[in-house]
Each structure stands twice: as C-alpha cells, then as structure tokens.
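# Observations on chain architecture
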Amino acid sequence: MSTSTPGEGSAGAVTRPARRRNPRIDQWKRTWYFLRRNTLALVGLGILVFFLLVAIYALTQSVPWDHLTTYCATNQGNGGIDQCLPGQLSICTYAQGTTPPHAGCYQTPQAYPSVVPPTLSLSPLAAGPLPLGSLTVLPGGLLFFSIYDGLLRGIDWTLLVSITIVAGGALAGLLLGSVSGYFGGLVDEVIMRLVDIMLSIPQLLLVIMVVSVVSANNVTLFGLDPTSSKVLLLIISFMITWWPFYTRIVRGQVLVVREQKFVEAARASGAKKGRIILRHIVPNSVYPVFIQISLDVGTVPLLIAALVFLGFRLFPTFYFPEWGTVAALSVQQLPAFLTGCQVGVCVLPAWQLFVPGLALFLYAISVNFFADGIRDALDPRLRR
Amino acid sequence: MKMSLYIIRRLILLVPIIIGVMTITFVLVSALPINDRLIAAYGAPSPRASWIYDPVLSPGTGPCPGPPNTHTCPNPIYNRDVAALGLNQPIPVQWGIYLYRSFTFQWGAVSNYSSAGLLIPSIHGLPVTTVLSWYLPYTIELAVLSLVIILLISIPLGNLAAVNRNRPVDQGARVMSFSGFALPGFLLASLVLVAVVIGVGSNSGYLAHTPWCQSGEPLWNELTGSWPLSSCFGGTGGATSFPSWIHNNGIYTTPTGFPTVDALIAGNYWVALDSVIRMILPALVIAFGTIAILLRFVRNSMLEVMNLDFVRTARSEGIPESTVIKRHAGRNSLNVTITVMGLLFAFFIGGFPIIEDVFGLNGVGLILAYSVQNTVGPVDFALVFGTTLLFTFIVVIANIIVDVLYAYLDPRVRLG
C-alpha cells in the first residue's frame with residue numbers, strides 16, 4: 001500500500017513506500033488488551049479517572065489556590081467566645097444542653113465546645129456554612145476548615161506534586177542507572193555505593209532531614225512568589241530522596257539489555273556511546289521504571305501525610321489544600337475526641353476523622369491496582 | 001570460609017557504609033545557616049544569653065566592654081565555638097571534624113527551643129546521645145516484638161496463599177498486601193485505637209478495669225503510653241515520661257533501660273506483663289505494612305520452590321503433602337524471605353515514628369516526632385539528625401544480621 005501526501009509547494013504528489021508500522025504501538029495495543037481483562041486494574045483506572053475529572057472541575061472554581069476555606073466558631077452558647085478575624089467566615093456553635101442562640105447553629109459536645117459534629121448536608125448553604133463536616137485545628141483558637149473544600153481542591157495538588165516528584169526522581173534514576181550500568185567500573189561503583197547508602201536511610205527520615213534543611217534556608221527560586229517558590233523547593237527536596245531506588249532498578253535492567261545482540265550490532269556499526277544509551281538501552285529498560293512510577297505516585301501523598309502528622313509543617317501555608325495534609329490534620333484530632341470519652345462525652349465524628357484518610361487510601365490503592373495491572377500486562381512471565 | 005571469618009568481613013565492610021551515611025548528613029548539615037549549626041552542636045542559648053551566637057557584639061553585651069567604649073568587639077565565645085567545629089576551615093577539614101565528632105558520639109545538644117521539651121521538661125541542653133540512649137531500649141523491644149509478629153504471620157500465610165493459589169485465601173492475601181501499601185500508618189493506628197476504645201470501652205464505661213488498674217482509670221489513657229498511670233499498681237505506677245519507671249527515692253533508675261527486663265529484675269511481674277501488653281497493638285500495626293509486602297515475596301518464592309524437581313521427587317516418594325510443604329518447600333523458600341526482610345528493614349523502621357507518636361510510646365521515634373515539629377518552635381536539627389543516624393545504624397546492623405543468617409541458611413554464600 002502506498003500513501004500519497006498532498007504536496008505543499010512541491011510540484012506534485014510524491015509517492016512513498018509504506019512506512020513500517022511502529023512496533024511500540026503494537027506493544028501498547030497489546031498492553032491495553034491485557035489490561036482490559038484485569039478487573040481490579042480497570043477499577044483502579046476508573047477511580048483515577050474520576051479523581052482526574054474532579055481535579056479538572058476544581059480547577060474551574062475560582063478560589064484561592066493556597067488556602068483551605070476556613071471558618072471560625074462564634075461560640076455564643078458557651079460564654080460568647082468570638083475570635084473571628086475580619087473577613088473570616090463564621091459558624092455558630094452552642095454547647096450541648098444549652099439553648100441554641102438562633103436557628104442554624106451547631107450543637108457541640110459539652111467538654112469540647114470547639115468540636116462540631118459531622119453534617120451530611122451536601123450544600124454549603126443548607127444548615128449553615130459548613131459543608132461535609134469540619135474540625136478544629138488550632139488548640140486554643142476555634143478555627144475550622146472545610147473537609148469538602150480540602151478534598152475537592154486537594155486532588156489537584158496531590159496529583160501535581162506526586163507526579164512531578166516521581167517523574168523527576170525517575171528521570172534522574174534513569175540517567176544515573178543507565179550510565180552506571182553501561183559504563184561499569186569506577187563510575188558504577190561510586191554511584192551504586194551512594195545508592196546503597198541512601199537506601200539504608202529510612203525514606204521518611206531522609207525526607208525529614210532534606211526538607212527541614214531546605215526549609216531552614218529562605219531561598220526564592222527563579223523570582224517566583226514565596227508560596228510557589230516554597231512548593232517548588234519542596235518538590236525538589238523530595239526528588240533528592242527519590243532517585244536511588246530508580247537507579248538500582250534501571251542499572252539491573254541495563255546490565256541485562258547491554259549484553260543483547262542488538263546493542264552489540266549497534267556498537268559494531270559504529271554508533272556512539274550516547275546514542276547507544278539513549279536509543280537502544282534506555283527504551284528497552286524502561287518498563288520496570290513505568291511500573292515503579294505508577295506504584296510511587298501513590299506513595300508520595302502518604303509520605304507527605306506522615307510528615308504533616310508528625311507535626312512538620314511542609315507547605316507554606318498552614319491550611320494547604322493537599323490530601324496528605326488534610327488527612328493528617330483530620331486524624332491528628334483523634335486524641336481530643338478520645339480524651340472526651342474519659343469524661344463521659346464519647347462523640348466520634350467518624351466522617352471528620354476518617355473520610356480524608358480514606359480518600360487518601362482510595363487514591364493510593366487504586367494507583368496500586370492500576371500498577372499491578374500494568375505489570376501483569378507488560379511482563380509476560382507474570383501473566384496469569 | 002568459617003562463619004566467624006565471614007562475620008568479621010561483614011563487620012569491616014560496615015565502616016565505609018557508616019562513613020557514607022555520616023557524609024550525607026554532613027552535606028545536609030553544611031547546608032544549614034551557621035547559627036543553626038552552632039545551636040545543633042551546643043544547644044540554643046537561654047534567652048538571656050542569646051548574644052553568644054552573634055559574631056560581633058555591640059558594646060555592653062556579654063564580655064564586650066560597655067560605654068564609654070563605643071566600639072563593637074568580636075565575640076570570643078562565638079569564635080571559640082566556630083573554631084571548635086572547624087566552621088572557619090576548608091570543607092574537607094570540616095568533614096573530618098564532623099566524622100570525628102560523630103564517631104566519638106558528640107552528636108550535639110538538644111536545643112532550648114526544641115519541642116521535645118514538651119516530652120521531658122528538663123531535656124534542653126542535654127547531649128543528644130544521652131537522650132537517645134534513654135529511648136533506644138524501648139524501640140529495640142518494640143522492634144523485636146514486631147519482627148516476631150511479622151515472621152509468625154507472613155511465613156505461614158504466604159505458604160498458605162501459595163498452596164491455595166488463586167483460591168479465596170490467596171485473593172484475601174492479595175487484597176491485604178495491596179492495603180498494606182496504601183493505608184497510611186497513622187490512619188491504621190487510629191482506626192485500631194478507636195475500635196478498641198469503642199469496642200472495649202463502651203462495656204466498661206470507657207474506664208480501664210485491669211488486674212493492676214482497678215481504680216478505673218480512663219481507658220484511653222491506659223491504652224496509650226509506655227507506662228501505666230500513677231494510680232495503678234496500688235499507686236506505684238507511672239513515670240510518665242522517663243526511660244524506665246522504676247522509682248527509687250525520687251531518682252529514676254534503669255538497670256538495663258529495657259522496660260520489661262527492668263520490671264522483671266525488680267521482681268514486678270505484673271508490670272512486665274503490662275509493658276508487653278502495651279506493645280502488642282502498636283507492634284501489630286507496625287507489622288502490618290511489612291507483612292503486606294513480605295507476603296507477596298513469600299508466596300512467589302514458595303510457588304517457585306514447589307515447582308522444583310526435588311519437591312516432585314519428595315511427592316513421588318509418597319511423603320505426606322503437609323510434610324513436603326513444611327520440610328522440603330518451606331525451608332527452601334526461607335532464604336528469599338530473609339533476604340527480602342533485609343531489604344524491607346529500612347521501610348519497617350521508617351514506620352516507627354508515626355506509630356510511637358500515635359500510641360505515645362517512649363521510643364526513639366517519639367523523640368523524632370517531637371523534634372521535627374515546626375509549628376510551635378523551630379526544628380531541633382541535632383535531635384533530627386541524631387535520630388536519623390541511629391535509625392540508619394539499626395538498619396545497617398540489621399542488614400548484617402540478615403546476611404549472616406542467610407549465610408547460615410545457605411552455605412554456598414559462605415563458600416563463594
């Protein structure tokens with residue numbers, strides 16, 4: 001079969017022989033064929049697509065990008081505490097057993113007047129300005145943030161931050177791993193010892209060290225505004241901790257690929273080293289990296305959540321809409337609720353405590369399902 | 001090669017790794033502002049003497065002669081500290097000094113602004129190594145207990161999943177291993193706590209009724225923390241924050257530092273039991289993530305071994321299936337399990353800060369959880385780096401133990 005392309009500026013139609021079909025397209029088609037058969041992977045993909053749609057929806061809302069919507073409680077029924085800053089949205093609360101000041105106020109447990117029980121009203125305007133449950137964050141101050149808001153806008157940041165971090169780490173790992181595997185010798189020795197050392201430090205602790213050191217220096221990058229600059233610094237410092245694992249994977253793969261006939265053929269036909277690495281070795285050792293990327297994209301928000309939970313304020317503003325942050329800040333309130341149990345007021349707003357965490361879990365597990373499906377589809381030995 | 005020779009060789013190889021880890025922390029420390037480095041090394045000054053970290057003094061502060069002399073003067077204490085750390089010298093010299101200080105356990109002092117003061121009020125200014133040595137034994141006990149749990153659960157379950165391949169047991173193990181990846185540690189820990197408080201608590205009115213706490217303490221307080229409340233044990237319980245709770249005329253004494261061992265030495269068997277019981281829930285939660293990953297490897301290695309010839313031979317000889325699985329296949333798949341456990345150890349140890357924070361256990365992770373807090377005061381770099389070094393040493397030493405175990409199980413490694 002021959003195709004004729006309409007000539008632009010050339011005299012007439014040029015006839016060319018048919019191009020050979022790209023074998024990589026076949027590979028993707030085959031992958032998709034096997035992926036389609038894997039129910040769990042499809043479920044994971046479906047959830048991820050849903051999250052992506054939510055992220056796109058959230059982008060269309062015009063809201064401040066670096067702040068969760070916060071509310072402060074005007075505690076009229078309980079001594080009249082009113083700490084609202086000018087311009088802050090306020091919600092009305094009253095203690096259990098007292099009479100509500102007016103309609104639309106939230107009843108709170110006696111011992112913990114700052115805790116608002118969960119509400120299922122989907123509309124922010126139905127029972128007051130408190131969508132989908134909320135919680136106190138600052139001890140001493142009565143300040144609430146909206147979980148609905150955090151989850152809606154957090155998915156943007158979660159996807160952006162985790163994909164950027166993992167992609168950056170994978171790119172560095174791909175480069176160092178292929179250089180190390182291809183050249184061997186002293187280069188290999190130096191890089192791999194560094195990888196060994198980095199991998200023997202638990203990742204959470206490495207991240208804590210790097211991030212705390214980086215945020216001790218007030219640096220602004222590329223003349224960005226302070227907030228974006230700090231987010232970028234955060235991403236970079238996570239990347240620093242992320243490359244060693246990829247380097248090890250890629251090196252292992254390169255050691256296998258390097259010995260194969262087509263690399264030998266390329267070398268025999270006089271290809272330069274850079275070309276051999278970039279055109280022959282990297283494309284053929286990249287599949288395990290894809291699998292690891294898809295696994296790690298689920299891990300990043302978990303790590304961020306762990307850090308925030310320990311009390312390290314990662315993001316530049318306290319109420320940063322990111323899923324890990326929202327989940328950690330929510331679960332951090334658990335002792336306050338459980339301490340309530342010892343004075344006889346045992347209120348556990350499960351919605352407030354666990355929905356953000358479960359959203360995080362859902363994200364991570366669907367990423368894992370999808371990654372597992374990809375692995376099965378790409379690796380014929382594992383196919384069941 | 002003899003086993004002892006093998007161990008010695010492994011121990012010698014330990015030195016470059018430790019130097020490497022210290023070099024990485026050195027690079028990170030060097031990136032800190034100079035004041036933070038001084039504070040990490042010597043602890044922060046009390047507010048009264050904050051001038052000791054100013055390079056140049058204005059007249060009247062500290063040793064600088066005041067008016068009528070209006071000249072500023074160089075700060076002798078600042079210069080002494082900078083010189084002691086070698087901060088005015090080339091980078092390689094600084095590196096050497098850092099290594100020397102690290103190897104001689106001069107890991108710095110707890111900053112005066114450290115949030116770890118919420119844990120122990122008198123902690124400020126103490127050497128980091130002293131503080132860590134109080135908390136290390138608890139972490140070791142917890143780690144040993146969770147390792148036992150990990151091996152006790154993952155090996156039989158993995159074998160079961162392999163034997164019942166693609167049956168419900170296998171699928172269940174699969175789901176568990178996925179959730180282990182995806183469930184945040186703090187969420188799991190909190191869920192477990194809530195489940196216990198609600199499940200047990202609602203029957204007892206949220207009060208603890210244990211043989212040693214008949215006074216009816218709040219259950220939530222009795223479930224968390226390393227030690228029983230002070231009203232328990234007839235009023236002798238409860239050193240709430242200190243390394244060992246054995247109380248001797250107002251001085252806390254620790255024969256070994258290990259809570260269970262200390263209690264046994266003191267002949268207090270109920271206390272020993274109590275401290276073990278307190279560790280079981282956190283150990284289970286810590287174990288969960290590692291079990292989830294290990295399970296897949298145990299299952300796959302078991303599947304591989306069960307396809308080998310010697311297993312078929314064993315079967316053809318009419319040996320009962322259970323014996324084949326236990327004796328022939330199980331023992332040979334153990335190598336992979338141990339290797340993977342060595343690789344997973346960093347991941348396993350990384351779970352400690354979170355869990356110790358949630359359960360309020362006096363381990364090294366709790367110290368880390370307090371020292372990284374930057375919402376109240378600045379991060380305590382000395383403690384953060386010290387904890388990281390300590391955890392990394394634990395990982396490295398555990399890896400050596402794994403290697404030695406592997407060599408013991410598979411003689412080919414020693415000979416090769």
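Residues numbered from 1 in each chain as written. Chains lettered and ligands numbered in written order. Predicted model: local features only at pLDDT ≥ 70, side-chain atom pairs only at ≥ 80, totals over all residues. Heavy atoms only, no water.

## Thoughts on the overall build of chain B
The condition that has to hold: For helices the rule is a DSSP run of H or I covering at least 4 residues; for strands it is a run of E covering at least 2, with both sets numbered from the N terminus onward. In what follows, a contact means two residues having at least one pair of non-hydrogen atoms within 4.5 Å. For the accessible areas, the method is Shrake-Rupley and the probe is 1.4 Å, while residue cover comes only from the protein chains on display.
Each helix and strand counted, chain B has 16 helices and six strands in total. The contacts in chain B between residues at least 6 apart in sequence include a share of 62% that link residues at least 24 apart. When the accessible surface of chain B is totalled, it reaches about 18,500 Å², and 66% of it is carbon and sulfur.

## Observations concerning the overall build of chain A
So the rule is basically this: Exposure categories follow from relative accessible area, calculated using a 1.4 Å probe and restricted to protein chains: below 20% of the type maximum is buried, above 50% is exposed, and the middle band is partly exposed.
Along the backbone of chain A there are 12 helices and eight strands. Counting the 384 residues in chain A, one finds 49% classified as buried. Residue pairs in contact within chain A that sit at least 24 positions apart in sequence constitute 65% of those at least 6 positions apart. As displayed, chain A offers around 18,100 Å² of accessible surface, 64% of which is attributable to carbon and sulfur atoms.

## A look at the interface of chain A and chain B
The criterion, for reference: Two parts placed together each lose some accessible area under a 1.4 Å probe, and the buried area is that loss summed for both. Just to be clear on terms, a salt bridge is a Lys or Arg side-chain nitrogen sitting within 4 Å of an Asp or Glu carboxyl oxygen. Each polar contact in these results corresponds to two N or O atoms within 3.5 Å; when the atoms are within protein, one needs to be able to donate a hydrogen and the other to accept it, and residues that are neighboring in sequence are counted only if both atoms are side-chain atoms. Residues are sorted three ways: Asp, Glu, Lys and Arg are charged, Ala, Val, Leu, Ile, Met, Phe, Trp, Tyr, Cys and Pro are nonpolar, and all the rest, Gly among them, are polar.
Taken together, the contact between chain A and chain B spans 49 residues of the former and 54 residues of the latter. A combined buried area of about 4,500 Å² lies between chain A and chain B, and 78% of that area is made up of carbon and sulfur atoms. For the interface between chain A and chain B, the tally reads one salt bridge. Applying the counting criterion to the chain A and chain B interface returns three residue pairs in polar contact (both at pLDDT 80 or more). If you list the elements that add at least two residues to the side of chain A that touches chain B, you get helix 4 (185–200), helix 5 (203–216), helix 9 (287–310), helix 10 (323–331), helix 11 (334–342) and helix 12 (350–378) of chain A. When residues of the side of chain A that touches chain B are assigned to their parent elements, the largest contribution, 10 residues, is made by helix 12 of chain A. Class assignment for the residues of the side of chain A that touches chain B results in 37 nonpolar, eight polar and four charged.

## A word on unusual backbone geometry
Residue and element names in this part refer to chain B. In the Ramachandran plot, Phe105 falls in the positive-phi region, its phi being about 60° despite a non-glycine side chain. Relative to the assigned elements, Phe105 resides in the loop between helix 4 (91–103) and helix 5 (128–163). Exposure remark for Phe105: the relative accessible area of 53% places this residue in the exposed category.

## Some thoughts on helix 6 (residues 168–182) of chain B
Selection rule: Residue count minus one, scaled by 1.5 Å, sets the expected span of a helix.
Along its 15 residues, helix 6 of chain B runs 21 Å from first to last C-alpha, staying within 8% of the 21 Å computed at 1.5 Å per residue. Among all positions in helix 6 of chain B, only Asp170(B), Ala173(B), Arg174(B), Ser177(B), Phe178(B), Ser179(B), Gly180(B) and Ala182(B) are buried.

## Structural notes on the packing of aromatic side chains
The condition that has to hold: Stacked, tilted and edge-to-face are the three classes assigned to paired rings of Phe, Tyr and Trp, where Trp is represented by its six-membered ring and a pair needs centres within 6.5 Å; plane angles under 30 degrees give stacked, over 60 edge-to-face, the rest tilted.
Counted by the stated rule, this structure contains 15 aromatic pairs over all chains. Through a chain of ring-to-ring contacts, three or more aromatic side chains come together here, namely Phe50(A), Phe51(A), Trp323(A) and Tyr363(A).

## A closer look at the nonpolar core
Soluble globular proteins tend to pack their nonpolar side chains together in the buried interior. What counts is decided by this rule: Definition of nonpolar core: a set of buried residues of the types Ala, Val, Leu, Ile, Met, Phe, Trp, Tyr and Cys, connected through side-chain atoms within 4.5 Å.
Of all hydrophobic cores here, the largest spans 170 residues; its most connected members are Ile208(A), Phe238(A), Leu314(A), Phe186(B), Phe348(B) and Ile354(B). The dominant element in this core, judged by the number of residues it contributes, is helix 15 (residues 381–409) of chain B, at 15 residues. Here Ile354(B) is in contact with Leu204(A), Ala306(A), Phe309(A), Leu310(A), Gly185(B) and Phe186(B), once residues within four sequence places are set aside. Judged by nonpolar contacts, the second largest core, of 13 residues, contains Ile39(B), Leu57(B), Tyr78(B) and Leu85(B).

## Quick word on the confidence of the model for chain B
Parts of the model with low pLDDT should not have their predicted coordinates read in detail. Residue and element names in this part refer to chain B. Convention followed: Per-residue confidence from the prediction method is given by pLDDT, with values spanning 0 to 100.
Per-residue confidence for chain B averages 82 on the pLDDT scale, and 88% of its residues sit at or above 70. Confidence drops under a pLDDT of 50 for residues 240–251, and excluding neighbours within four residues, the segment shows 37 contacts in the predicted structure. What the predictor reports for the complex is a pTM of 0.84 with an ipTM of 0.87.

## Overview of the environment of Phe181(B)
The topology assignment puts Phe181(B) in helix 6. By relative accessible area, which is 38% here, Phe181(B) ends up partly exposed. Distance from Phe181(B) to Thr392(B), taken between C-alpha atoms, is 22 Å for residues 211 residues apart in sequence. Among residues more than four places away in sequence, those in contact with Phe181(B) are Leu302(A), Asn368(A) and Ile293(B).

## Topic: helix 2 (residues 34–42) of chain B
Residues and elements named next belong to chain B. Within the sequence span of helix 2, burial applies to Arg37, Leu38, Ile39, Ala40 and Ala41. Next to the buried residues of helix 2 lie helix 1 (3–30), helix 3 (76–85), helix 4 and helix 15. Of the residues flanking the end of helix 2, it is Gly43, one or two places downstream, whose phi is positive at about 80°.

## Details of the confidence of the model for chain A
Residue and element names in this part refer to chain A. Of all residues in chain A, 67% attain a pLDDT of 70 or more, and the chain-wide mean is 75. Averaged over each element, pLDDT in chain A is lowest for strand 1 (residues 3–5) (45) and highest for helix 4 (90). Segment residues 111–142 is flagged for pLDDT under 50; beyond a separation of four residues in sequence, or across chains, it makes 95 contacts in the model.

## Brief notes about the pattern of salt bridges
For the coordinates displayed, the defined rule picks out 12 salt bridges over all chains. Note that Arg251(A) is salt-bridged to Asp188(A), the shortest N-O span being 2.6 Å. In this pair, Arg251(A) is assigned in helix 6 (residues 226–258) and Asp188(A) in helix 4, connecting sequence segments 63 residues apart. You can call Asp188(A) buried: its relative accessible area is 11%. One salt bridge connects Arg278(B) with Asp274(B), and the closest N-O pair in it is separated by 2.7 Å. Here the residue Arg278(B) and the residue Asp274(B) both occupy positions in helix 10 (residues 269–306), the gap between them amounting to four residues, near one helical turn. By the burial criterion, Arg278(B) is buried, and Asp274(B) matches it. A single salt-bridge network, built from bridges that share partners, covers Glu189(A), Arg193(A), Asp196(A) and Arg248(A).

## Thoughts on the side chain of Asp296(A)
Relative to the helices and strands, Asp296(A) resides in helix 9. The class of Asp296(A) is buried, set by a relative accessible area of 10%.

## Structural notes on the packing of helix 1 of chain B against helix 4 of chain B
All names here are of chain B. This is how the line gets drawn: Helix axes are fitted to C-alpha atoms over the stretch in contact, other axes to C-alpha atoms as well, and angles between N-to-C directions run from 0 to 180 degrees. Throughout, the term roughly parallel applies to angles under 35 degrees, roughly antiparallel to angles over 145, roughly perpendicular to angles from 65 to 115, and oblique to all others. Whether a crossing is left-handed or right-handed is set by the direction in which the near helix is turned from the far one by less than a right angle, anticlockwise for left-handed and clockwise for right-handed.
At a minimum axis distance of 10 Å, the contact between helix 1 and helix 4 shows a crossing angle of 120°. Classified by the angle their axes make, helix 1 and helix 4 are oblique. Handedness of the crossing formed by helix 1 with helix 4: right-handed. Here Ile18, Ile19, Met22, Thr23, Thr25, Phe26 and Val29 of helix 1 lie close against helix 4, whose contacting residues are Ile91, Gln94, Trp95, Tyr98, Leu99, Ser102 and Phe103. For the contact of helix 1 with helix 4, a count of residues per class yields 10 nonpolar, four polar and no charged.

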